[in-house]
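Secondary and tertiary structure notes
If you want the building blocks of each chain, they are given just below.
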Protein chains: 2
Amino acid sequence: MTRTDLNLMGQRGLAAARILATLPPERKNLALQAIAAGLRADTAAILRANAEDVDRAKANGMSPALVDRLLLTPERIEGIAAEVEHVAALPDPVGERFDCAVLPSGLRVHKRRTPLGVIGVIYESRPNVTVDVAVLCVKAGNAAILRGGSETTSSNTALGATIARAFQAYELPEAAVQVIGDPDRGLVLELLRLHDYVSMIIPRGGAGLHQFCRKHATIPVITGGLGVCHVYVDPTADLERALPVIHNAKVQRPSACNALDTVLVHRSVAGSLLPRMAQDLATAGVEIRADEAALAALGSGCPAVRPAAPDDFGQEFLALILSVRVVDSLDEAIEHITHYGTGHSDAILTTDEEAADRFVAEVDSAAVYVNASTRFTDGAQLGLGAEVAVSTQKLHARGPMALKELTTYKWVIEGDGHVRS
Amino acid sequence: MTRTDLNLMGQRGLAAARILATLPPERKNLALQAIAAGLRADTAAILRANAEDVDRAKANGMSPALVDRLLLTPERIEGIAAEVEHVAALPDPVGERFDCAVLPSGLRVHKRRTPLGVIGVIYESRPNVTVDVAVLCVKAGNAAILRGGSETTSSNTALGATIARAFQAYELPEAAVQVIGDPDRGLVLELLRLHDYVSMIIPRGGAGLHQFCRKHATIPVITGGLGVCHVYVDPTADLERALPVIHNAKVQRPSACNALDTVLVHRSVAGSLLPRMAQDLATAGVEIRADEAALAALGSGCPAVRPAAPDDFGQEFLALILSVRVVDSLDEAIEHITHYGTGHSDAILTTDEEAADRFVAEVDSAAVYVNASTRFTDGAQLGLGAEVAVSTQKLHARGPMALKELTTYKWVIEGDGHVRS
């Protein structure tokens, strides 16, 4: 595949997006349901293609954890199909009218929600992303150009074929979803510069991928991917409730970006909280890295505790590791989060309304929690019905993004021959 | 000024933004009112500084039109001061709560509007932008780093000093508004890469500046600056109303980005519209560049008409020039706009509701008009109370941008010890 081919992909994507933009919701939904049916019907072929990727990955010495990320099973394919049906059933965001007004001039004005156009998605090893993202883009009236990891080329090509057949059956444009099958990494760079055709780039992967996209793109990029998440335990916290929240935030899925990395605890409750917390987390295999004051509060009897190194703060562990620091005030906790956080998800555990208000106002993160686990930063959990990405940048959308965040708006202005004076 | 200095500016801006973010509206408004008072009190000094810029520009052979853009007068300074007072009186966008919900889990969720942080603004010769933009940024709780044109360095430094004194009087952080006074153009490049501190870049200027910013920035850029605007006259248009709209869109301020560039007229009304339109526009000194069919409809008696060259379509004239093309259908008009437009402002003149609906749905521009002049694409005209830029990109904000568009939001999630299952 060459630069010219990619340019052509952009042109075809834009032409497809123009058609998708005005399709009635039913047509899009029928096509989505056909994708779900196609995934079930094509399961054997998809699994065969996936087996090629898995075999290649194993031959290349990929770790079992990473191999598991790219592995598809009949159950996983059924899960993907069910998610497609779920998205089909969500309300269509396109065409919504808002900010309606009649201006003093008599002009009638409203904003109307419209698709973005062509969305480029660059992602890593999970092949389910191919379907999840394609379906969300098309539901919101957009065309998608998908660039998966080179380690899942066969799976993504098979999934792309299933999607294409569904579109053909319901006469959606073939180029509504295009998969870049060529593993050449130079194509990612070209995709990032396709601003004549592509409106938005969504990277789905680690911090390195996001930085690469931000550095090289001439198209707006939704940055995220890095979550150093904090829980601050305030002097008034209800410790019976604090322990399960900390446990959940750290343990329920440590590889997620909204998983807890650091507990900040007020000195006045360090002695009562930390030994119990350490015991509780030890049962889940969590290693604690504690600052000096926390070590003192923990005492010598706690299992799996060691002194924190400086870089244990501000680190996204993605593993059963937790750093712990004792602070002397809410100010110190907020200052720590401002300095070490990544603006993803941070929580306060407190019964003091004033402390909660200050924490919420002053912690500048996409999701700020009071008395709840940071693990809720997720489109489905927060009521969006789905999720295409979690943004930690501030433009366009912040936090979980789903259908509405895959749209823009136009101003519609109606007059009776109005002129500006 | 060095790269290190600019980095320091970013750091200081971010620290100032953190303070501004939680200031009560009254404090910000008092400081803004003090800027207005300061502009009036400092008029003589500002005019002296401006005279330096004007003298230098004249010595460098700058055209009178461009010199006029950078010229300040007592009346213009009073106009800037009045606009500052107007912005101070607008509602404060920060802290607004929206999308409030209680989720099935019992979690209480809302979004809360917050400032963006530090905004970088890169602009050209008009020194009023220094004040307009500074005031809008600070009203929305943001710090600003301003880089004006090298030809207005003295004026901008004087205006920056007036702003700084007002902030000092009301104890706003000094770095809330920082002016890059050094004319070194390399600093623009550095500013575009200050993503550790700056959340958004707003270029205010021509298409070249916008392209430069998009190409080099690692920070989200609000792109705009280029408006190739169309009016389509449909067979059912009320010609008595069409003529004043076309006149206004072309003539009222031809140097604006929302001024009309091309009239597309349906063949069935070309004969009745075009000769009258040409007569009318000739009185205002407009030159018409007509395609073959339009030339035929215009006849030989029309003044200031010449055949259109191919590049007269898709061109932003910024002058009293209008290209005219005859089309055979609404589809052809939409296709022309899709091909030649820049997604800024496009209008249909019609009494056919169905044609209006299709035009509004299918023309993918920031502002789509029915029976009104394209000149209304402006924050003040469309009810925003002010304007910081007009965006023709699709992310974050599209069309006129004012205070709300200078904010982001955070998710606030409140529970009672909620954990994810």
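Residues numbered from 1 in each chain as written. Chains lettered and ligands numbered in written order. Predicted model: local features only at pLDDT ≥ 70, side-chain atom pairs only at ≥ 80, totals over all residues. Heavy atoms only, no water.

Details of helix α11 (residues 267-282) of chain A
Residues and elements named next belong to chain A. Put simply, the test is: Helix and strand definitions follow DSSP, with helices as H or I runs of at least four residues and strands as E runs of at least two, each counted in order from the N terminus. Take the residue count of a helix, subtract one, and multiply by 1.5 Å to get its expected span. In this scheme, the bend at a residue equals the angle between the axes fitted to the seven residues that finish there and the seven that begin there. Residue contacts are counted whenever heavy atoms from the two residues lie within 4.5 Å of one another.
Compared with the 22 Å implied by 1.5 Å per residue over 16 residues, the 22 Å span of α11 between its first and last C-alpha is a close match. Bending of α11 peaks at approximately 40 degrees at the position of Leu273, with proline Pro275 no more than four residues after it. For α11, the elements touching its buried residues are β7 (229-233), α10 (239-251), β8 (260-266), β9 (287-290), α12 (292-298) and β11 (321-327).

Some details on empty space enclosed by the protein
Quick note on the threshold: Throughout, the protein atoms alone are placed on a 1 Å grid, and a set of points is a cavity if a 1.4 Å probe fits but cannot get out or a pocket if it is open with protein on both sides within 12 Å along at least five of seven lines; lining residues have an atom within 4 Å of a point. Grid points are joined across faces, edges and corners, and a volume is the space filled by probe spheres set on the points. Charged residues are taken to be Asp, Glu, Lys and Arg, nonpolar residues to be Ala, Val, Leu, Ile, Met, Phe, Trp, Tyr, Cys and Pro, and polar residues to be all remaining types, Gly included.
Per the counting criterion, the structure on display carries 2 cavities of 30 Å³ or more. Contributing to the lining of the largest cavity are Arg147, Gly148, Gly149, Ser150, Thr153, Asn156, Thr157, Val179, Ile180, Gly181, Asp182 and Pro183 of chain B. With 3 residues, the single largest contributor to the lining of the largest cavity is helix α7 (residues 153-169) of chain B. Looking at the second largest cavity, its volume works out to about 50 Å³. What lines the second largest cavity is simply Arg147, Gly148, Gly149, Ser150, Thr152, Thr153, Asn156, Ile180, Gly181, Asp182 and Pro183 of chain A. Counted by class, the lining of the second largest cavity contains 2 nonpolar, 7 polar and 2 charged residues.

Remarks on the nonpolar core
Keep this limit in mind: Residue types Ala, Val, Leu, Ile, Met, Phe, Trp, Tyr and Cys, when buried and joined through side-chain atoms within 4.5 Å, form a set referred to as a nonpolar core. Relative accessibility under 20% of the residue-type maximum defines a buried residue, over 50% an exposed one, and the middle range a partly exposed one, all with a 1.4 Å probe and only protein chains included.
Val233, Leu274 and Met277 of chain A are the most contacted members of the largest nonpolar core, which has 119 residues in total. Looking at which element gives the most residues to this core, the answer is helix α6 (residues 128-139) of chain A, with 8 residues. For Met277 of chain A, the contacting residues outside a window of four places in its chain are Leu243, Ile246, Val263, Ile288, Leu322 and Val324 of chain A. Of all hydrophobic cores here, the second largest spans 118 residues; its members include Leu72, Ile80, Val131 and Leu187 of chain B.

With respect to the relation of the copies chain A and chain B
Heads up, the rule is: For the least-squares superposition of copies, only C-alpha atoms count, and only for residues with pLDDT at least 70 in both.
Its rotation angle being 180 degrees, the transformation that places chain A on chain B also includes 0.0 Å of axial translation and leaves an RMSD of 0.0 Å. On the angle and the small slide along the axis, the relation comes out as a two-fold axis. Of the C-alpha atoms belonging to chain A, the one lying closest to the rotation axis is found on His396 of chain A, 1.7 Å away. When the interface residues of chain A are mapped onto chain B, 100% of them again fall at the interface, so both copies present the same face.

Structural notes on helix α9 (residues 207-216) of chain A
The condition that has to hold: It is the directions from the helix axis to the C-beta atoms whose arc is reported.
Burial in α9 of chain A covers these residues: Leu209, His210 and Cys213 of chain A. Down the axis of α9 of chain A, the sector holding all buried residues measures 100 degrees, keeping them to one side.

A short note on the packing of aromatic side chains
All names here are of chain A. For the record, the criterion: Only centres within 6.5 Å qualify two rings of Phe, Tyr or Trp (six-membered ring in Trp) as a pair; their planes then separate them into stacked at under 30 degrees, edge-to-face at over 60, and tilted for everything else. Counted as over-ring charges are cases with an Arg CZ or a Lys NZ within 6 Å of the ring centre that also lie within 35 degrees of the ring normal.
Applying the stated criterion across every chain, the model contains 4 aromatic pairs over all chains. Judged by centre distance (6.3 Å) and plane angle (55 degrees), the ring pair of Phe313 and Tyr340 falls under tilted. With Phe313 in the loop between β10 (305-307) and β11 and Tyr340 in helix α13 (residues 330-340), this pair connects stretches of sequence that are 27 residues apart. Taking relative accessible area as the criterion, Tyr340 reaches 29% and is therefore assigned partly exposed. Sitting over the ring of Tyr409, Lys111 keeps its end group 5.1 Å from the ring centre.

A word on the confidence of the model for chain A
Formally: pLDDT runs from 0 to 100 and stands for how confident the predictor is about each residue.
Within chain A, residue pLDDT values average 95, and 100% of them lie at 70 or more. We note a pTM of 0.95 for the whole complex and an ipTM of 0.95 for its interfaces.

Digging into the packing of helix α10 (residues 239-251) of chain B against helix α11 (residues 267-282) of chain B
Residues and elements named next belong to chain B. Short version of the rule: Angles here are taken between N-to-C directions and fall from 0 to 180 degrees, while the axes themselves are lines fitted to C-alpha atoms, restricted in helices to the stretch in contact. When describing relative orientation, an angle under 35 degrees is termed roughly parallel and one over 145 degrees roughly antiparallel, while 65 to 115 degrees is termed roughly perpendicular and anything else oblique. Take the far helix as the reference: if the near one is turned anticlockwise from it by less than a right angle, the crossing is left-handed, and if turned clockwise, right-handed.
Two elements in contact, α10 and α11, have axes whose closest approach is 10 Å; the angle formed by their N-to-C orientations is 45 degrees. Classified by the angle their axes make, α10 and α11 are oblique. Classified by chirality, the crossing of α11 by α10 is right-handed. Listed contacts from α11 to Leu239, Glu240, Ala242, Leu243, Ile246, His247 and Val251 of α10 are Ser272, Leu273, Arg276, Met277, Asp280 and Leu281. In terms of residue class, the contact of α10 with α11 is made up of 8 nonpolar, 2 polar and 3 charged.

Brief notes about the pattern of salt bridges
All names here are of chain A. Quick note on the threshold: Between Lys or Arg on one side and Asp or Glu on the other, a salt bridge is scored when a side-chain nitrogen of the former is within 4 Å of a carboxyl oxygen of the latter.
Applying the stated criterion across every chain yields a total of 44 salt bridges over all chains. Ionic pairing is found between Glu85 and Arg40, a salt bridge with its closest N-O pair at 2.9 Å. You can see Glu85 sitting in helix α5 (residues 74-89) and its partner Arg40 sitting in helix α2 (residues 25-41), a full 45 residues away along the chain. Taking the relative accessible area as the measure of exposure, Arg40 reaches 33% and is therefore partly exposed. Bridged by salt links that share partners, the residues Glu287, Arg289, Arg306 and Asp312 form one connected network.

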